[in-house]
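Residue strings, one per chain:
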Amino acid sequence: MTTQKFFARTAVLAATTILVTGAASMSKSWAEPQPSPKQLVDEVWQLLDRNYVDGSFNQQDWKAVRQTYLGRSYSSRQQAYTAIQQMVAKLGDRYTEFFEPQAYNALNTEISGSLSGVGLQLAVDEKTKALTVVAPLERSPAATAGILPADVITQINGRSTRGMNINDAVKQIKGVAGTQVMLTILRGSQDQTFKLTRANIALNPVAYRTQATASGKIGYIRLPEFTKTAPDEMKRAIVSLEKQDVKGYVLDLRSDPGGLLDASLKIASMWMERAPIVSLVNRQAVRERYTTEGRPLTNKPLVVLVDGGSASASEILAGALQDNGRAVLVGTRTFGKGLVQAVQPLGDGSALKLTIAKYYTPKGRDIDRVGITPNVVVGLTDAQKKALVQKRQLATPADPQYTQAVSSLEQLIQTRAVTLAQPSGIFRAVLK
């Protein structure tokens, strides 16, 4: 699937920022003269030629592609943009795409944690080519209206989405806060129409609270996306909960589509000590390994909630915690995005997002198109999903996945208590 958000773009070559919904951004001097339309086309071709992860370019004669598009005359930037989109499409890559200036600005806004629109993450199904909902952002207009993961968007304002480019869909759904957009969705065999009012969405990276259980007080942390501010927010949450002497944690990554790789690395280091997190492998088979840094903020028992909307950076964190035996995963299989993209700003304010590497979990698992299977699988029906979102019952006793997560955490807390009470456990603690 090709993921795309409607409130902004998702995405970031390897210098400044790396997104793992996601991508990285190379620095660019905006004082440089803007390129001509033809120079812009050539710049994009060069970036792909040097950095794209597939050296066969999807079995394309890449030099012939350059001759085709550089042999044309371009009288406007819009003509160049169209040519670039056609050229990029030849790669057949669900994650490589071109951003016009307005869309790139929206991307930068999202990375900072400020969003606007209806709060949907969209994908193009590789088999059916249908525009499909990956997940609505909680408390967004889409979530409040009752749109669910796996809903297929068949019409936008009465216009069929059959054969529609995902960027065209984004342009039609985006808009000024307060205006409306009509979406017709197919759920199973039934069509439903939703009139959504666009809104400014303040993304609070981390929400947290405590809950009393039979095993003692536990901490619940919800992370909706890996933004620039997410690590600081996560640190604040853990420190606060540690001061309240919680016995363990439930970390909720459900419907978290990912974001910044750097954010996932920093957050992983808050939970693990001296542990591998992820490996990135580029076209030249160069492997770059990332490990935790510093000391963890806590070593208390941890359960992580995941589902089909947990993607990219979420899967990196969940995979690292699972592979290192640091956490038990509860929920359903994750989205399955094992690729890393980079977003390269171009001289006219546009940008190119391109796949530059594959990533592997600490145990060498390739989760692309496969996802991560939780240790404890707990599914939800469509009716349950709708009720939990619309009635705001996520992470309450009415939430079966959360209930199982708490139960699993209590078992971990009890096992830990028994282990520490054993003489051998005491001796080990003294020796350390």
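Our subject is the structure listed above.
Quantities reported herein were computed from a predicted structural model and do not represent experimental measurements.

## Some details on the packing of helix 1 (residues 37-51) against helix 3 (residues 77-89)
And then number 1: Packing of helix 1 against helix 3 leaves a shortest axis separation of 8 Å and a crossing angle of 20 degrees. Between helix 1 and helix 3, the interaxial angle falls into the category roughly parallel. Considering only the axes of helix 1 and helix 3, their crossing is right-handed. In contact with Pro37, Leu40, Val41, Val44, Trp45 and Leu48 of helix 1, helix 3 contributes Arg77, Ala80, Tyr81, Ala83, Ile84, Met87 and Val88.
And then number 2: Per-class residue counts for the contact of helix 1 with helix 3 are 12 nonpolar, no polar and one charged.

## A short note on helix 7 (residues 230-243)
And then number 1: Look at helix 7: 20 Å from first C-alpha to last across 14 residues, which is about the 20 Å you get at 1.5 Å a residue.
And then number 2: One or two positions beyond helix 7, positive phi appears at Asp245, with a value near 60 degrees.

## Observations regarding the sheet that holds strand 13 (residues 207-213)
And then number 1: Reading across from one edge, 13-14-15-18-19-22 is the order of the six strands in this open sheet, with mixed pairing throughout. Only two strands of the sheet have a single partner each, and these edge strands are strand 13 and strand 22 (376-377).
And then number 2: Where strand 13 and strand 14 (residues 216-222) come together, seven bridges link them in antiparallel fashion. Its bridge partner being in strand 14, Tyr208 is matched across the sheet by Ile221.

## With respect to the pairing of strand 7 (residues 131-136)
In summary, the side chains of a regular strand alternate between the two faces of the sheet.
And then number 1: Of all six residues that make up strand 7, six are buried, and the element is covered over most of its length.
And then number 2: In this structure, strand 6 (residues 120-124) lies alongside strand 7, joined through five bridges in antiparallel fashion. Considered in strand 7, the bridge of Leu120 is made with Pro136.
And then number 3: Remark: six residues form the turn of the hairpin made by strand 6 and strand 7, two consecutive strands paired antiparallel; Lys129 in that turn has positive phi of roughly 65 degrees.
And then number 4: Both strand 7 and strand 8 (residues 152-156) contribute to a ladder of two bridges, which runs antiparallel. Bridge pairing links Leu131 to Ile153 in strand 8.

## Describing the packing of helix 1 against helix 2 (residues 62-70)
And then number 1: At a closest axis distance of 10 Å, the pairing of helix 1 and helix 2 adopts a crossing angle of 170 degrees. By the angle class used here, helix 1 and helix 2 are roughly antiparallel. Residue-level inspection shows Lys38, Val41, Asp42, Trp45, Gln46, Leu48 and Asp49 of helix 1 in contact with helix 2, the latter providing Trp62, Lys63, Val65, Arg66, Tyr69 and Leu70.
And then number 2: Here the residues of the contact of helix 1 with helix 2 sort into seven nonpolar, one polar and five charged.

## Quick look at the nonpolar core
Across soluble globular proteins, you tend to see nonpolar side chains buried next to one another.
And then number 1: Among the nonpolar cores identified, the biggest contains 69 residues, and Ile221, Met234 and Trp271 are the most heavily contacted of them.
And then number 2: The element best represented in this core is helix 8 (residues 261-271), accounting for seven residues.
And then number 3: Apart from the residues within four sequence positions on either side, Met234 is in contact with Val206, Ile221, Leu223, Leu251, Ile267, Met270 and Trp271.
And then number 4: Within the second largest apolar cluster, 19 residues are counted, among which are Val133, Met164, Ala169 and Ile185.

Rules behind the numbers
- Residues numbered from 1 in each chain as written.
- Predicted model: local features only at pLDDT ≥ 70, side-chain atom pairs only at ≥ 80, totals over all residues.
- Heavy atoms only, no water.
- Axes fitted to C-alpha atoms, helices over the stretch in contact; angles between N-to-C directions.
- Helix = DSSP H or I, 4+ residues; strand = E, 2+ residues; numbered from the N terminus.
- Parallel < 35°, antiparallel > 145°, perpendicular 65-115°, else oblique.
- Left-handed = near helix turned anticlockwise from the far one by under 90°.
- Contact = heavy atoms within 4.5 Å.
- Nonpolar A, V, L, I, M, F, W, Y, C, P; charged D, E, K, R; others polar.
- Expected span 1.5 Å × (residues − 1).
- Pairing = 2+ DSSP bridges.
- Buried < 20%, exposed > 50% of the residue type's maximum accessible area, 1.4 Å probe, protein only.
- Core = buried A, V, L, I, M, F, W, Y, C linked by side-chain atoms within 4.5 Å.

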